[in-house]
Amino acid sequence: MTSNMMTAAIFAKYALTIFSSPHQANTDAMVWWYATRNVTVQSDALNRICVQPDYSVKDIVNTFWNINSTLFVTPNLQNQMIRCVDSISKGEWTSTYISNNPNTARAIFWWNPYTPKSISWFKSVAEINQKSAIDFICRYSKFPADFLDLSMKFLRQEGRVQYSSWIESAMDRCVSIAYFTASPTSNQSLSWFIQQPYQIQKNAAISLCASKLNTTDLKTIFRTINQTNSTAILTDGNDCVRVRELDPINTYKYFDALSTTTLMWLASRNLTLQKDAIMNICLGRSQKRDNASGFFKAYNISEIASIFDSYTSFLNETNLLTKGIETVMKGCPEFYASSTMDTWINNASQLQSMVWVASQNSSTQVEFFSRLCQRPGFNATTEFYGYGLYVSLEWSSQAAMMNCPNVWVGQAAIVRSESNVFFGLSGVAGFFFLVFVTLLVYELRVIKTKESSVSRVFSPFNISLSICFLSNLIGNFSFGTVWYFGLVGFITGINHSMDQMWFYLISESANVVWSLSYLYYCWSRSETILSQVWPRTFQYIRSLFLVSPLFIGSPLVSHGIIMAASKTVNVEDVFNSSIYTYLLQAVSATVLLLFDLLLLITFTRFIAGLQTDMDSHISSTRFSIISRHGIAASVFCVGYSALSILKPILTITNRNNVIYLKIALTILIHCVTLVLLLMKIALLRDSSEVVGQGGTGGTGSMARAVKSKTSSQIGTSTGKKSAIYS
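Focus: the overall build of the chain
Then, number 1: Within the chain, the regular secondary structure consists of 38 helices and two strands.
Then, number 2: With 726 residues in all, the chain has 50% of them scored as buried.
Then, number 3: For the chain, the proportion of contacts with a sequence separation of at least 24, taken over those separated by at least 6, is 73%.
Then, number 4: In the form shown here, the chain has an accessible surface area of approximately 34000 Å², with 58% of it arising from carbon and sulfur atoms.

Here is the structure:
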């Protein structure tokens, strides 16, 4: 529609929609038609608007506001509009219309710079505001190149002022980039692009990225315009293609907040998306990836301020910073500064609270969690978990969560009791070791022999038994710690999978050491008997004993591989792969079971061979002590080995069985070790009785009886006898 076709009636009919499409020719024609009419025609148009049957009171008020903001209207016409509003609204809208026009002069310029009042506002503001206004309409208003060219000419010609070279350059750049974006691969555009410095080329690349071109076409365009093979332009193009279709959340999920890719996304998005991205960072909806754990964590306030400073600098350099975006970024730190601890205790489930907590020192965090625990209605199951998930917390802060009484309900209470079982068993092992040390001191003081104190203390039996106690202590404590770390994760949401793996490795290492020390004890106890019962195969049995540690220690190799793999695979997959460790544990237990059965059979046969030459008195002495306790220890050890073999099967059937199997296996290990300790006590008592009868201690009466029968077979080595009977 041209101005020659326009009438007051047509203007009134379409006046409500005149401002909906500011860059359309019809709109410009209507605006300038009204601006160039005489007062009589303008008044007629206003009267027709006032009586338009399709217009509501609000429609008429909005239309009059827009006319007043866009066009120069005489006082009489302004009064005419006031009378109209007062009449049709019966005074209800009069005051609002007069005092609450929402359209500012700057907003009108941004809406359409090619209007009568726009140029008046543009000339009245400082250069910095003129520059910002030009940058805004060139980048964010989506005006076509022809309209921008027309607007810049209008500002120059109708303004009748000489703008500075800074403003003139901004106008020229605005139009040039607009024409380049409209046809980036034309010869004229390519020639212009090559001649520009990189900063203007980057602005052009951002404009392309913000256009409606599809991604495939953009790839081709960026290859075409980069005729100088510029690395910077190549990077800009790749960054644009990667993120132009992503929303704010996913952009910051896949790319660092200050990466070139994210900066390209930010610069090429509209103001709404820019604001969304900035608010997401400020309010904790966008997080950083924690390199240590691989999880996303909330930014703290200083990190947010640093990011926003970088954004301000970047958007300034690319002529894209608007007052609104700058205000939002400045307001974020002020928002947190105006809050208190009570603010976030009462809003603990909000992500902003986690940003605030992430910004505090450890003592403040401890106070926060302690007070949060006391808040009425506090839900320990869910609220602590979020903080551990999104905030990097020191141990003191985690301990404050764990010390909250409200967390010890339901599953957490069950897991804590299971963890305490192992800590308790660790204490039992420590008590056994103290008893053992006390016995050694007593033995050295009461029982006198020709052997040195050092050789008596560090006999094979004493070494293996002390290692059994210490490995039980360390193994139980380590496994209790594994379970405790799991409890910390359950309550706080903090992932301690690597800590759990390390302590699990320590626990399994202790179990392997226990098995080896027990096996060493068995060998020291039975080597001579084995050579007599199995004379032909003894060397093979000895060789199998020597290689058995390879099988018994195999679970450690498996777990080490799993730990190494955990750096590159999902942690949940790593724990699921522990079934292979269970299988190797079963292999280890099978080897231990076979050797223990062999020793049990050997020992039983040896007893049967000697029993025919021993009266009832001799049978009740030292050899009887060893046989009874040895058989009892072997029975418990066989039970331990058998249950270990069944562990993979029971675990596959129900993974919840793992903890109960572990408890049962640990108790069996303690039973074996306790039997060995009781054997030590019984042997010590027997030696004490021999000393009391005037003997020299050591092997006792049964040893002398055995020696008299088998001296030609076994030999008289004190070491051998000591290994068997002491």
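A look at the nonpolar core
One broad trend across soluble globular proteins is that nonpolar side chains are buried collectively.
Then, number 1: Phe308, Tyr311, Phe368, Phe369, Phe384 and Tyr387 are the most contacted members of the largest nonpolar core, which totals 102 residues.
Then, number 2: Per-element tally for this core: the top contributor is helix H11 (residues 165–182), with eight residues.
Then, number 3: Residues within four places of Tyr311 in sequence aside, it is in contact with Tyr252, Ala257, Leu258, Thr262, Leu263, Leu266, Ile281 and Met329.
Then, number 4: Ranked by size, the runner-up nonpolar core spans 41 residues in total, among them Tyr518, Leu519, Tyr521 and Leu676.

Let's talk about helix H25 (residues 395–402)
Then, number 1: By the burial criterion, the buried members of H25 are Ser397, Gln398, Ala400, Met401 and Met402.
Then, number 2: Elements in contact with the buried residues of H25: helix H23 (362–374), helix H24 (380–390) and helix H28 (460–492).

Thoughts on the state of the cysteines
Then, number 1: The full count for this structure, using the stated rule, is five disulfides.
Then, number 2: Cys373 shares a disulfide with Cys404; S-S distance 1.9 Å. Every disulfide takes its handedness from the sign of the S-S torsion; for Cys373 and Cys404 that torsion is 80°, giving right-handed. Highlighted residues: Cys373 in helix H23 and Cys404 in the loop between H25 and helix H26 (411–446), separated in sequence by 31 residues.
Then, number 3: Overall, the relative accessible area of 10% leaves Cys373 in the buried class.
Then, number 4: Take the cysteines of the chain that form disulfides and number them in order along the sequence; they join up as 1-2, 3-4, 5-6, 7-8, 9-10.

Details of the pattern of salt bridges
Then, number 1: Applying the stated rule across the entire model yields 14 salt bridges.
Then, number 2: Among the salt bridges present, the one from Glu443 reaches Lys680, with a minimum N-O distance of 3.1 Å. With Glu443 in helix H26 and Lys680 in helix H36 (residues 657–692), this pair connects stretches of sequence that are 237 residues apart.
Then, number 3: For Glu443, a relative accessible area of 16% translates into the label buried.
Then, number 4: Judged by relative accessible area, which is 6%, Lys680 ranks as buried.
Then, number 5: Note that Glu508 is salt-bridged to Lys662, the shortest N-O span being 3.6 Å. Here Glu508 is found in helix H29 (residues 497–533), whereas its partner Lys662 is found in helix H36, with 154 residues between them in sequence.

Quick look at the environment of Ser186
Then, number 1: With respect to the helices and strands, the residue Ser186 is situated in the loop between H11 and helix H12 (187–195).
Then, number 2: The spatial distance from the C-alpha of Ser186 to the C-alpha of Ile225 is 9.7 Å, given a sequence separation of 39 residues.
Then, number 3: A distance of 3.1 Å separates a polar side-chain atom of Ser186 from the backbone oxygen of Ser183.

Section: a nonpolar patch on the surface
Then, number 1: A cluster of nonpolar side chains, contributed by Leu544, Leu546, Val547, Leu550, Phe551 and Val587, occupies part of the molecular surface with about 580 Å² of accessible area.
Then, number 2: Of the residues forming the nonpolar patch, the biggest block, five residues, is contributed by helix H30 (residues 538–552).
Then, number 3: Following the sequence through the fold, Leu546 ends up in helix H30.
Then, number 4: Judged by relative accessible area, which is 61%, Leu546 ranks as exposed.

Description of H30
Then, number 1: Relative to the 21 Å expected for 15 residues at 1.5 Å per residue, H30 spans 21 Å between its end C-alpha atoms, a close match to the ideal helical length.
Then, number 2: A bend of about 35° at Leu546 is the largest found in H30, and the proline Pro549 appears one to four places after it.
Then, number 3: Residues of H30 that are buried: Phe538, Ile541, Phe545, Ser548 and Ile552.

So, the side chain of Gln287
Then, number 1: Along the chain, the position of Gln287 falls in the loop between helix H18 (271–282) and strand E1 (288–289).
Then, number 2: A polar side-chain atom of Gln287 sits 2.6 Å from the main-chain carbonyl oxygen of Gly284.
Then, number 3: Within the structure, Gln287 has its side chain in polar contact with the backbone oxygen of Arg285 (distance 3.3 Å).
Then, number 4: Not counting residues up to four positions away in its chain, the partners in contact with Gln287 are Tyr252, Phe296, Lys297, Ala298, Tyr299 and Tyr390.

Quick notes on the packing of aromatic side chains
Then, number 1: Counted according to the given criterion, the structure contains 38 aromatic pairs.
Then, number 2: Taken together, the ring pairs connect Trp356, Phe368, Phe369, Phe378, Phe384 and Tyr387 into an aromatic cluster.
Then, number 3: Over the ring of Phe479 we find Lys662; its NZ or CZ atom is 4.8 Å from the centre of that ring.

Here we look at the packing of helix H22 (residues 351–358) against H24
For any two helices packed against each other, one specifies the crossing angle of their axes together with the interaxial distance.
Then, number 1: Contact geometry of H22 with H24 gives a least axis separation of 10 Å together with a crossing angle of 55°. As summarised for this structure, H22 and H24 are arranged oblique, according to the angle between their axes. As for the relative orientation of H22 and H24, their crossing is right-handed in sense. When H22 is examined against H24, the residues Leu351, Ser353, Met354 and Val357 are found in contact with a partner set consisting of Gly386, Tyr387 and Tyr390.
Then, number 2: Among the residues making up the contact of H22 with H24, the classes are represented as five nonpolar, two polar and no charged.

What to know about the confidence of the model for the chain
Then, number 1: Mean pLDDT for the chain: 82, with 85% of residues reaching 70 or above.
Then, number 2: Note that residues 615–620 has pLDDT below 50 and, in this model, five contacts with residues that lie over four places away or in other chains.
Then, number 3: Across residues 696–726, where pLDDT falls below 50, the model places 58 contacts with residues more than four positions away in sequence or in other chains.

Structural notes on the environment of Trp93
Then, number 1: Here Trp93 is to be found in the loop between helix H5 (75–88) and helix H6 (94–99).
Then, number 2: The class for Trp93 is partly exposed, based on a relative accessible area of 25%.
Then, number 3: Taking the C-alpha atoms as reference, Trp93 lies 8.5 Å from Lys58; in sequence the two are 35 residues apart.
Then, number 4: In this structure, Trp93 is in contact with Val57, Lys58, Val61 and Val85, ignoring residues within four places of it in sequence.

Details of unusual backbone geometry
Then, number 1: Despite not being glycine, Lys90 has its phi angle at roughly 55°, a positive value.
Then, number 2: With respect to the element layout, Lys90 can be found in the loop between H5 and H6.
Then, number 3: One non-glycine residue with positive phi stands out, namely Asn229, at about 55°.
Then, number 4: Among the secondary structure elements, Asn229 is positioned in the loop between helix H14 (215–225) and helix H15 (231–243).

Conventions adopted
- Residues numbered from 1 in each chain as written.
- Predicted model: local features only at pLDDT ≥ 70, side-chain atom pairs only at ≥ 80, totals over all residues.
- Heavy atoms only, no water.
- Helix = DSSP H or I, 4+ residues; strand = E, 2+ residues; numbered from the N terminus.
- Buried < 20%, exposed > 50% of the residue type's maximum accessible area, 1.4 Å probe, protein only.
- Contact = heavy atoms within 4.5 Å.
- Areas by Shrake-Rupley, 256 points an atom, 1.4 Å probe, with all protein chains shown as cover.
- Core = buried A, V, L, I, M, F, W, Y, C linked by side-chain atoms within 4.5 Å.
- Disulfide = S-S within 2.5 Å.
- Salt bridge = Lys/Arg side-chain N within 4 Å of Asp/Glu carboxyl O.
- Polar contact = N/O pair within 3.5 Å; in protein donor to acceptor, adjacent residues only side chain to side chain.
- Patch = residues over 30% accessible without salt bridge, like charges linked within 9 Å, V, L, I, M, F, W, Y side chains within 5 Å.
- Expected span 1.5 Å × (residues − 1).
- Bend = angle between axes of the 7 residues up to and from the residue.
- Phe/Tyr/Trp six-rings, centres within 6.5 Å; stacked < 30°, edge-to-face > 60°.
- Lys NZ or Arg CZ within 6 Å of the ring centre and 35° of its normal.
- Axes fitted to C-alpha atoms, helices over the stretch in contact; angles between N-to-C directions.
- Parallel < 35°, antiparallel > 145°, perpendicular 65-115°, else oblique.
- Left-handed = near helix turned anticlockwise from the far one by under 90°.
- Nonpolar A, V, L, I, M, F, W, Y, C, P; charged D, E, K, R; others polar.
- pLDDT = per-residue confidence, 0-100.

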